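# Structural features, examined
Listed below are the residues making up each chain.
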Amino acid sequence: MWRGFFISLSRNRIMKERVMRWGFVRRAASRFVAGETLEDGLRALRELEALGIRGILDHLGENVESAADALRATEDYLLALDRIETFGPGKPHTVSSLPHLAVKLTHLGLDIREELCERNLRRLIERAAQAGTVVEIDMESSAYTERTLNLYRRLASSYPNVWIAIQAYLYRSREDVERLIEEGIARIRLCKGAYQEPPHIAYPRKRDVDANYIRLMERLLSAEARARGAYVAIATHDERIIQHALRRVAEWQVPREAFEFQMLYGIRRDLQVALARQGFVVRVYVPYGTEWYPYFMRRLGERPANVWFVARNLLRA
Ligand code: FDA
């Protein structure tokens, strides 16, 4: 119910216009968003780099309504890639030590026309390959899952530098993961899922989502999946799952190049640093931009305590 409330707020335009003007909300959002400009995002990436943590740069935006807006978003991402290139020599490889780029397909025009979105995405993937880095496709609500996977499938065999997010809360993810492994294109960021989905599409109970997460994670870490080129980014702050992953990795002698941990900017920094100090690849998702409202609402929906954090900012105002 809690999550549903914030997800519906995230889609409400009137609330968006109002809330984005409130200074205390902007201050609270700055815990999760690096800032409004590309420079802010790059600064956060440099700070993480100094701690031995890699990054994923996300220019916030979703559900654009015109081809011109989708093109503008693509051009902004291309500028971001120009700057990512300056982080050092990357390798035109499946995994890059340079910051990756995260994109939402509805930001590139998926709501308008699939071909338009594909054209924009291709430009980004090709530029990212030149720069020696990776484009990670975020997974949005279930209205987009099939189209997102189809688009990924069309591009992934030609471009090894594209990854996709898979949500453990969806029933279908088990089959999707199997298919991607079979096709040799399982380069997956495994997350729990951040949208509000009905019970015929997604596990309603958290413990079932967690159990499915572990099942999918183990499958992707298995020797059989790895032999078919699987690479998993374990994208969670759930310490229980992370400890489980560490146990499996040790037991199954999974090389450190076969997986990584991913977390969100501003969440569990202590854990990010601790894992990086132990020599694991840790990559943090760094969002920046003026369109922070829906992203921030999803973060509030994930954790009731975050609302107290907003309230504290109001009291401090
Ligand atoms: P869980 O919700 O069980 O939380 C575990 C612990 O993490 C909590 O006890 C708390 O300590 C901390 N925590 C979690 N959320 C917090 C928050 N908002 N504020 C403060 N603390 C918090 N989703 C999606 O649908 N599509 C996508 O493409 C992505 N991409 C993505 C990339 C990366 C790098 C990450 C880490 C996550 C995503 N997600 C996502 C979001 C994901 O689906 C999920 O909603 C959040 O990660 C929260 O779930 P946890 O796995 O952290 O577990």
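Along each chain, the written sequence defines residue order, and numbers are assigned to residues from 1. A pLDDT threshold of at least 70 governs which residues receive local features in this predicted model, and a stricter bar of 80 or more applies before side-chain atom pairs are shown or counted, although totals over entire chains, interfaces and linings include all residues. Derived side-chain values reflect all non-hydrogen atoms in the structure, with water molecules and hydrogen atoms excluded from consideration.

### Topic: the overall build of the protein
Along the backbone of the protein there are 14 helices and eight strands. Every radius of gyration here is taken over C-alpha atoms, with the globule rule written as 2.2 Å times N^0.38, N being the number of residues. A globule of 317 residues ought to have a C-alpha radius of gyration of about 20 Å, and the protein, at 18 Å, matches this closely. Burial classes follow relative accessibility: with a 1.4 Å probe on protein chains only, a residue under 20% of its type's maximum area counts as buried, one over 50% as exposed, and anything between as partly exposed. Counting over 317 residues, the protein shows a buried share of 57%. Contacts in the protein between residues at least 24 apart in sequence constitute 77% of all its contacts with a sequence separation of at least 6. A total of about 14300 Å² of accessible surface is found on the protein, and carbon and sulfur atoms cover 53% of it. Of the charged side chains in the protein, 50 are positive and 41 negative, and the gap between their average positions amounts to 5 Å. For helices the rule is a DSSP run of H or I covering at least 4 residues; for strands it is a run of E covering at least 2, with both sets numbered from the N terminus onward. Residues are treated as being in contact if the distance between any of their heavy atoms lies within 4.5 Å. Accessible surface area values rest on a Shrake-Rupley calculation with a 1.4 Å probe, where residue burial reflects the displayed protein chains alone. Neither His nor the chain termini are counted; the positive set is Lys and Arg, and the negative set is Asp and Glu. Each charge is placed at NZ for Lys, CZ for Arg, CG for Asp and CD for Glu.

### What to know about the sheet that holds strand β5 (residues 187-191)
As summarised here, the arrangement of the eight strands in space is β1-β2-β3-β4-β5-β6-β7-β8, forming a closed barrel in which the pairing is parallel. Neighbour-to-neighbour, the strand axes of the sheet open up by a mean angle of 30°, direction not taken into account. One requirement defines pairing of two strands: DSSP has to find at least two bridges between them. Where strand β2 (residues 100-103) and strand β3 (residues 135-137) come together, three bridges link them in parallel fashion. Within β3, the position partnered with Leu101 by the bridge is Val135. Every axis in this analysis is a line fitted to C-alpha atoms, fitted for helices over the stretch in contact. Angles between the N-to-C directions lie between 0 and 180 degrees. Where helix α12 (residues 269-277) meets the sheet, it contacts β7 (259-264) and β8 (282-288), and its direction lies at approximately 160° from that of β7.

### With respect to the site of the ligand
Taken together, 26 residues lie near the ligand, and Gly193, Lys206, Thr236, His237 and Glu302 sit nearest. In protein, a polar contact means a hydrogen-donor-capable atom and an acceptor-capable atom, both N or O and within 3.5 Å, with residues adjacent in sequence counting only if both atoms are side-chain atoms; elsewhere, any N or O pair within 3.5 Å suffices. Here a nitrogen atom of the ligand sits 3.0 Å away from a polar atom, N or O, in the main chain of Arg299. At a separation of 2.6 Å, an oxygen atom of the ligand approaches a polar side-chain atom of Glu302. Look at the ligand: alone it shows 930 Å² of surface, and the protein chains cover 88% of it. Among the secondary structure elements, those contributing two or more residues to the shell around the ligand are β4 (162-167), β5, β7 and α13 (293-302). Here the shell around the ligand takes three residues from β7, the largest share from any one element. Only heavy atoms are used to decide nearness, and a residue is near a molecule or strand if one of them lies within 4 Å of it.

### Considerations on the packing of helix α9 (residues 206-221) against helix α11 (residues 239-251)
The interhelical angle for the contact between α9 and α11, taken along N-to-C directions, is 25°, at an axis separation of 11 Å. By the angle class used here, α9 and α11 are roughly parallel. Of the two possible hands of crossing, α9 and α11 adopt the one that is right-handed. Note on element contacts: α11 touches α9 through Arg240, Ile241, His244, Ala245, Arg248 and Val249, opposite Asp210, Tyr213, Ile214, Met217, Glu218 and Leu221. If an angle is under 35 degrees, it is roughly parallel; if it is over 145, roughly antiparallel; if it lies from 65 to 115, roughly perpendicular; otherwise it is oblique. Should the near helix be turned anticlockwise from the far one by less than a right angle, the crossing is left-handed, and should it be turned clockwise, the crossing is right-handed.

### Observations regarding the pattern of salt bridges
For this analysis, a salt bridge means a side-chain nitrogen from Lys or Arg found within 4 Å of a carboxyl oxygen belonging to Asp or Glu. If you walk through the whole model with that rule in mind, you get 33 salt bridges. With its nearest N and O atoms 3.4 Å apart, the salt bridge here joins Arg123 to Glu75. Here Arg123, found in helix α6 (residues 114-131), pairs with Glu75, found in helix α5 (residues 67-85); they are 48 residues apart in sequence, far enough to count as distant. Under the relative-accessibility criterion, Arg123 is labelled partly exposed at 34%. The salt bridge involving Glu260 is made with Arg283; its shortest N-O contact spans 2.7 Å.

### Section: the pairing of β5
Most of β5 sits inside the fold, with five of its five residues counted as buried. By the alternation rule, side chains of β5 split into Arg187, Arg189 and Cys191 and Ile188 and Leu190, which are all buried. Where β4 lies against β5, four bridges are found, and the strand directions are parallel. Bridge pairing in β5 places Gln167 opposite Cys191. Place the viewer so that the strands point away; then a crossover is right-handed whenever the path from the first strand over the helix to the second strand goes clockwise. Each parallel crossover has a hand, and for β4 linked through helix α8 (residues 173-182) to β5 it is right-handed. Bridging between β5 and strand β6 (residues 231-235) involves four bridges; their strand directions are parallel. Residue pairing for β6: Ile188 is matched across the bridge by Val232.

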